[in-house]
Amino acid sequence: MSYSLKLISILFLVLLSIKSFSQNPDNLVIVKPKEIDKVLNNPGKGFMTFQRFNGDDLNRGSYWTEGYPIDYQQLDGNLTNSDYPSTTIAYWRVYWKFVNPEKDVYRWDMLDKALEIAENRGQTLLIRIAPYGTGTERDVPNWYREMVGPNVDWEYNNPVNKWVVDPEDPRYGKYFGGFIRKMGERYDGHPSLEAVDLSIVGAWGEGAGSELLSQSAREELVNAYTDSFVKTPLIALLMDEKTNKYANSKIPVGWRVDCIGDLGFWANEQNGWTHMYDFYPREIINCEVQDSWKKSPVSFEICGTFLTWRDNHGYGREEVKYIFDQSLKWHMSSFNAKSSPVPEEWEDLVNDWIKKMGYRFVLRRFTYAPEIKRNGKLSFTSWWENKGVAPCYKDFIPAIRLTSDEHEAIMVVSNFDLKEWLPGDIVFDNDVFVPLDLPLGSYNLQIALVDRLEHKPRIKLAFEGEVEDGWYQLGEIKVIN
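Structural notes, computed from the coordinates. Remember, it's a predicted structure, so these values are computed and weren't measured experimentally.

**Here's the deal with the packing of aromatic side chains**
Two numbers describe a pair of aromatic rings. These are the distance of the centres and the angle of the planes. Taken as a whole and assessed by the stated rule, the structure comprises 46 aromatic pairs. The interplanar angle of 80° and the centroid separation of 6.0 Å between the aromatic rings of Tyr68 and Tyr95 together place this pair among those described as edge-to-face. Separated by 27 residues along the polypeptide, Tyr68 in the loop between strand E2 (46-50) and strand E3 (89-95) and Tyr95 in strand E3 bring together distant segments of the chain. Of the aromatic side chains, those joined through ring pairs into one cluster are Tyr359, Phe361, Phe366, Tyr368, Phe380, Trp384, Phe416, Trp421, Phe428, Phe463 and Tyr472. Lys45 extends its terminal NZ or CZ atom over the ring of Tyr359, reaching a point 5.7 Å from the ring centre. Over the face of the ring belonging to Trp64 we find Lys338, whose NZ or CZ atom lies 3.6 Å from the ring centre.

Structure below.
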């Protein structure tokens, strides 16, 4: 090679190194993890089991049960759900009469057992105390029926509302509302309680006719929940403008609907009226809950079952995709499919849907210095993306772990609110203190979103590098004097 060519080569290498240095002036380690596409089973999001738990047999066909005490199944050791996704939430809807069978008797043992079984199955429990259903066997508690007398046709009762007692009777607020207050005293903030449905009137507690309530009755019933559950999230049925607005004026409340997928279930009877086309889009705006998802969870329930969608109403992939897309537009986090099987031909649509429900965190870029000092700071920059449609409502925090064959140090970012990680890009730069007594040497640097008490990883992240105990490997770092 000639002298001039050598000189050009040297200058090129010098310029390349200068460019590299200018892009990384502090000689930081830059990590760009590779995203993964798998379904992640994470807390507070995705499908839920209904009147059942992970590992239980599903309902047969398009049949389901609700409102009654749970018929517990014997676990065979396998927590997978045949023809149904893995879940982190179990949903129990029970009528008031079963958990308050006598005037001053409360069956907390029933709730305690459901919470315990849920925890043992890797789930939390979402619960609705429905004041009543339809039919005498689903009535209010016997003692309350004897107190108020037989069901009569008072002014507000009609077949649509399916009210079985008068909610304007002051005894209804006193006793049903009183039970909710007692439940809040005992269970608000329970680590295995996912959320509580705010349910006040109507068959199955769905709220039909709530617009007919006087403001005093409305406030007494809503206050029973909002005064009593300030740590555990509340999820209100989408009822009417006055009721939903009042609930959200008290505390941040999520919302839910119980007939996702109705594209014409009762069209012949109601002049083409449907929940998906005619009710939900308007009432979400009218009730001013369109932004509630930023602070509180949105949870939906299927209309019928997947099998009735396919076999009774002729839904195909186009209809299913439309329903799923609408629910994501409304920022849903969780879904009750009534423990009814997912048709095999829709499994890919369901998996794609689950990936987008709630939150899904990808770490795009992470930088840190290759060496740190004991009792100094480990500073880092990071760019994340939430590829879901909602934040995570759990009180988890980021943590850095330094680990070697002999030593380990976990350093948490304590002043943090995960609900602020909304969908889209997230820039999160911070630092943590390195323990004074951490021995010198080389360590693996790992990251996770952990709980505040035990500092254990709680969320599966959507990028490569997960190690056996749930942390994510980012690189190596040296601890020096």
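**A short note on helix H10 (residues 317-329)**
Between the first and last C-alpha of H10 there are 18 Å, a value that for 13 residues agrees with the 18 Å anticipated at 1.5 Å per step. When H10 is considered as a whole, its buried residues turn out to be Val320, Ile323, Phe324, Gln326, Ser327 and Leu328. His331 lies just past H10 and shows a positive phi near 65°.

**Quick word on the pattern of salt bridges**
Tallying each qualifying case throughout the model produces 37 salt bridges. Between Arg121 and Asp56 there is a salt bridge, and its shortest N-O distance comes to 3.1 Å. Placement of the pair is Arg121 in the loop between helix H3 (108-120) and strand E4 (124-130) and Asp56 in the loop between E2 and E3, with a sequence separation of 65 residues. One exposure class covers both Arg121 and Asp56, and it is buried. Between Glu288 and Lys245 there is a salt bridge, and its shortest N-O distance comes to 3.4 Å. In this pair, Glu288 is assigned in the loop between helix H8 (275-286) and strand E8 (298-302) and Lys245 in helix H7 (residues 241-250), connecting sequence segments 43 residues apart. Among the residues examined, Lys245 registers a relative accessible area of 29% and is labelled partly exposed. Three or more residues are tied together by salt bridges with common partners; here these are Glu66, Arg93, Arg128, Asp197, Arg256, Asp258, Glu301 and Lys338.

**A short note on the state of the cysteines**
Under the criterion given, the structure shown has one disulfide. A sulfur-sulfur distance of 1.8 Å marks the disulfide that ties Cys259 to Cys303. Taken as a pair, Cys259 in strand E7 (residues 254-260) and Cys303 in the loop between E8 and helix H9 (306-311) lie far apart in primary sequence, 44 residues in all. On the basis of relative accessible area, Cys259 is assigned to the buried category, the value being 8%. Among the cysteines around Cys287, which has no disulfide bond, Cys259 carries the closest sulfur, lying 17 Å off. Relative accessible area serves as the criterion here: at 1%, Cys287 is assigned to the buried category.

Conventions adopted
- Residues numbered from 1 in each chain as written.
- Predicted model: local features only at pLDDT ≥ 70, side-chain atom pairs only at ≥ 80, totals over all residues.
- Heavy atoms only, no water.
- Phe/Tyr/Trp six-rings, centres within 6.5 Å; stacked < 30°, edge-to-face > 60°.
- Helix = DSSP H or I, 4+ residues; strand = E, 2+ residues; numbered from the N terminus.
- Lys NZ or Arg CZ within 6 Å of the ring centre and 35° of its normal.
- Expected span 1.5 Å × (residues − 1).
- Buried < 20%, exposed > 50% of the residue type's maximum accessible area, 1.4 Å probe, protein only.
- Salt bridge = Lys/Arg side-chain N within 4 Å of Asp/Glu carboxyl O.
- Disulfide = S-S within 2.5 Å.

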